[in-house]
Every structure is written in C-alpha cells, then in structure tokens.
Amino acid sequence: MDSELVYKIALSLTPGISAEVVRNLADLGISTHEFFTLNMPELNQKLRSMACRLFQNIAREEALFRARQEFEFVQRHKIKVLFILDDDFPMLLRDLPDAPIVLYQLGNTNLDTHPSLSIVGTRRSTSYGLSFTDRFVESVAPYYPDAMIVSGLAYGIDTAAHVAALKHGLPTVAVMAHGLDTIYPAQNRDLAKQILAHGGSILSEYPTKTRPYRQNFLQRNRIVAGLSELTFVVESEIKGGAMSTASIAFSYGRDVMALPGRFNDPISAGCNHLIAKEKARIYTSLPDLMNLMRWKIPALDALPPQKVLFPELEGDLATVYQTLRQTAQPMSIDSIHLNTGLSMPLLMAALTELEFEGIINKLPGARYELS
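Residues numbered from 1 in each chain as written. Predicted model: local features only at pLDDT ≥ 70, side-chain atom pairs only at ≥ 80, totals over all residues. Heavy atoms only, no water.

(A) Highlighting empty space enclosed by the protein. For the coordinates displayed, the defined rule picks out one cavity of 30 Å³ or more. One number sums up the size of the largest cavity: a volume of about 110 Å³. Lining the largest cavity, in full, are T159, V163, Q187, N188, D190, L191, M348, L351, T352, E355, K362 and Y368. Elements supplying a minimum of two residues to the lining of the largest cavity: helix 8 (157-167), helix 9 (189-197) and helix 16 (344-356). Examining the composition of the lining of the largest cavity, we find that four residues originate from one element, helix 16, more than from any other. Residues that form the lining of the largest cavity fall into these classes: five nonpolar, four polar and three charged. (1 Å grid on protein atoms, 1.4 Å probe; cavity = no way out; pocket = protein on both sides within 12 Å on 5 of 7 lines; lining within 4 Å. Points joined across faces, edges and corners; volume = space filled by probe spheres on them. Helix = DSSP H or I, 4+ residues; strand = E, 2+ residues; numbered from the N terminus. Nonpolar A, V, L, I, M, F, W, Y, C, P; charged D, E, K, R; others polar.)

(B) Quick peek at helix 16. Taking 1.5 Å of rise per residue, the 13 residues of helix 16 would be expected to cover 18 Å, and the 18 Å separating its terminal C-alpha atoms lies within 8% of that figure. When we look at burial in helix 16, the residues that qualify are L347, M348, A350, L351, T352, L354, E355 and F356. Elements in contact with the buried residues of helix 16: helix 8, helix 9, helix 14 (315-325), helix 15 (333-340), strand 11 (360-363) and strand 12 (367-370). (Expected span 1.5 Å × (residues − 1). Buried < 20%, exposed > 50% of the residue type's maximum accessible area, 1.4 Å probe, protein only. Contact = heavy atoms within 4.5 Å.)

(C) Representation of the layout of surface pockets in the model. By volume, the second largest pocket is sized at about 610 Å³. Along the walls of the second largest pocket sit 33 residues, with L130, T159, E355, K362 and L363 positioned nearest its centre. Going through the elements one at a time, helix 7 (127-140), helix 8, helix 9, helix 16, strand 11 and strand 12 are the ones with two or more residues in the lining of the second largest pocket. Of the residues belonging to the lining of the second largest pocket, the class tally is 13 nonpolar, nine polar and 11 charged.

(D) View of the pattern of salt bridges. A complete count under the given rule lists six salt bridges for this structure. Here E237 ties to R124 by a salt bridge, and the two come within 2.9 Å at their closest N and O atoms. In this pair, E237 is assigned in the loop between strand 7 (230-233) and helix 11 (241-251) and R124 in the loop between strand 3 (116-120) and helix 7, connecting sequence segments 113 residues apart. (Salt bridge = Lys/Arg side-chain N within 4 Å of Asp/Glu carboxyl O.)

(E) Representation of unusual backbone geometry within the structure. A cis geometry characterises the amide bond from H114 onward to P115, with omega recorded as -5°. Looking at the element boundaries, P115 is found in the loop between strand 2 (102-107) and strand 3. For the peptide bond that leads from Y184 to P185, omega is 0°, which places it in the cis range. As for its placement among the helices and strands, P185 is situated in the loop between strand 5 (172-175) and helix 9.

(F) Examining the sheet that holds strand 2 more closely. Spatially, 1-2-6-5-4-3-7-8-9 is the arrangement adopted by the nine strands of the open sheet, whose pairing is mixed. Each of the sheet's edge strands pairs with one partner strand only, and the pair in question is strand 1 (80-83) and strand 9 (281-282). In this sheet, strand 7 lies alongside strand 3 in parallel orientation, the contact comprising four bridges. Within the sheet, the bridge partner assigned to I119 lies in strand 7 and is F232. (Pairing = 2+ DSSP bridges.)

Purely geometric numbers; function is a separate question.
Listed below in structure tokens is the structure:
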C-alpha cells in the first residue's frame, strides 16, 4: 500500500483540514506523513507556533481508517488522486482560497488544458438553450480543437454541454457532487461512459459512499468555476446552481459570459441579471468570447466536416431513427418505447448513441427529435 497516498487522502478526510491549513502545514515543514505519525503533544506544539487549529488523535485515526478503504477503491478502479501540493494538481485550482485538498479523477484528461470553458445552466432548459449550446460548442471546435468543456453532468444545459463536446470532438470533464462509486443522475450513466471512452474525465473531491446532498452541489460549483478560464451561463433562473457557479467564478476574478434571453422569460432571468449587473459579458457571437479572453485564432487548415443528411444506421439505431423520421413532432421516451418495441436499456443506449452522433436532439421533458 502506498502509505504516502493514504496519508494525503486521510488529510482530506480529517475534520478541520482546509486548503489553508494544508498550506500552513507545508510552511511549518510538517509533511502529511508527520501529521499522522508525530505524537499529539509534539504536533500540536508545532501548530501553536502559527496559531493553527489543534487536532485530536481520534480524528487522525478515523481519517486513516477511511483513507485505507478509499485507497483500495481507487487502486481497484484506476482512479487518480490529485493532491493540492503536488505538481499534477490543476493549476487554476491550486491557489484558490477554498481549493479542494484532493481530487479523484477517473479518466486521463489533462486538467491544465488551454483553453478551458465551463458551460452551465438550468436543469429546466428550453430548446433555445439546448440548441444554442450545441451550436456554440460547434463554433468553438474548429478554432480550438483541444478546448476543454467543463460542466456538472446534471440534466439540461450540463448534459447538453457534455454531449456537444463529444459530438464535436472536444475533451469534456464532468464534476460530480458525490463519490465516484455512483453516477447521479442515473440516467446519465451512459453519457458518463461516453465521456470516459472519448478521452474525457469524471472528477470529484468526495470519497466513496458520499451521497449527492444539496450542499455538495453548491460545494461542487466552486470546482466547476475554478477549473476553467471562463464560465458561460446559457440559461438560468434568477436563483439556482448556475448563478452560484457564476458568482463564484466572478469572486475568483475569472471571466463570466452569459447568453441574453427575452426580458420576461424566467429561464433567462438569471443571465439577463448577470449582464445588467456587469457580472457577466454579453454573448452575441464567437468573437465576443475571443476578444474577452484574448485568445489567439489559429489558422484553419480545413473546414469542419459536414453532417451526413441521411446517415447509414443498423439495428436498434436504425429502428429509433426511422421511428422519429415518421413524425414531425418530438417524441417522448415512452412513445418511442411503445413504437419501437425495444427494451428500455436498449432504447436508452440507442438514444445516447444517436445524440452523441448529432443525429437527434434531446429536448426538455425527455423528448427527442431528429437534428
């Protein structure tokens, strides 16, 4: 067992430990190993010299016990553990006052990829927001083919951002509000698999058996905001997770951009509010983003590939595609299920694949239509 890694995990699980405390320990010359092996009087005496919080031995022992269990899980599932003081910890997160102490990363994405964009929005997204998200990512991809798209794997705009990144060949990172032993919402498990299969990553600061509590989502938002150079709010009510993420990004001194909407549309009220209060720049076209971020525009060697109008499909994919072609209206999952006769697991897999290939669009209310 890698004892040093166990100590790093244990430090993150010790009550009262924050990024500031970890940095203070480093300034005092106290390694993670020493934090757990020095006798308590000696450790607390060193901590008193910098007016640091004092700790009890029982807290250390409990943290070590849990860390050993966590170590076995990450080893078994090939999960990377990124520690705040290590070189592989994301640079944009490292110096934040409330940075996570460890990050658990499933996947091999370079988290220091430039440029990096966080795309967030409401779970109750409209077709306007969903279609914009796809077109926006599509417009970014030819200019910045390595751009990293960060979001939270939630319903609505988050899901649209990840799907668009996959569809247009960009790496994407999903930041979770729970341990990596589960995926929430469960309906996005196939999407999570697609993210990993195409070079993306699933990321969390939480150990296994951590459930998706409301407070965790608010905590998660600071990682979504901190991991990117810019946070883009596509659609949001006046209150909600996307507004929280935008506010955190603004407090970090990061750039925020928002898509304007109709003045009387509650789903765009948050975006309009951010723009009115000058907490976000208005987005009207891709040059707005390029100018704000001062990104260089690389030369394009070729036009992006054109979509095939009538794709050649087989099996379940062809069955679902033909079913959707026969109606001019979006269809619910239940209606597609009834008309195709496919089992729900096979249907969900087919819908995910068709959405990833850009052949269908997912609309609010779990409805689907051809692109």
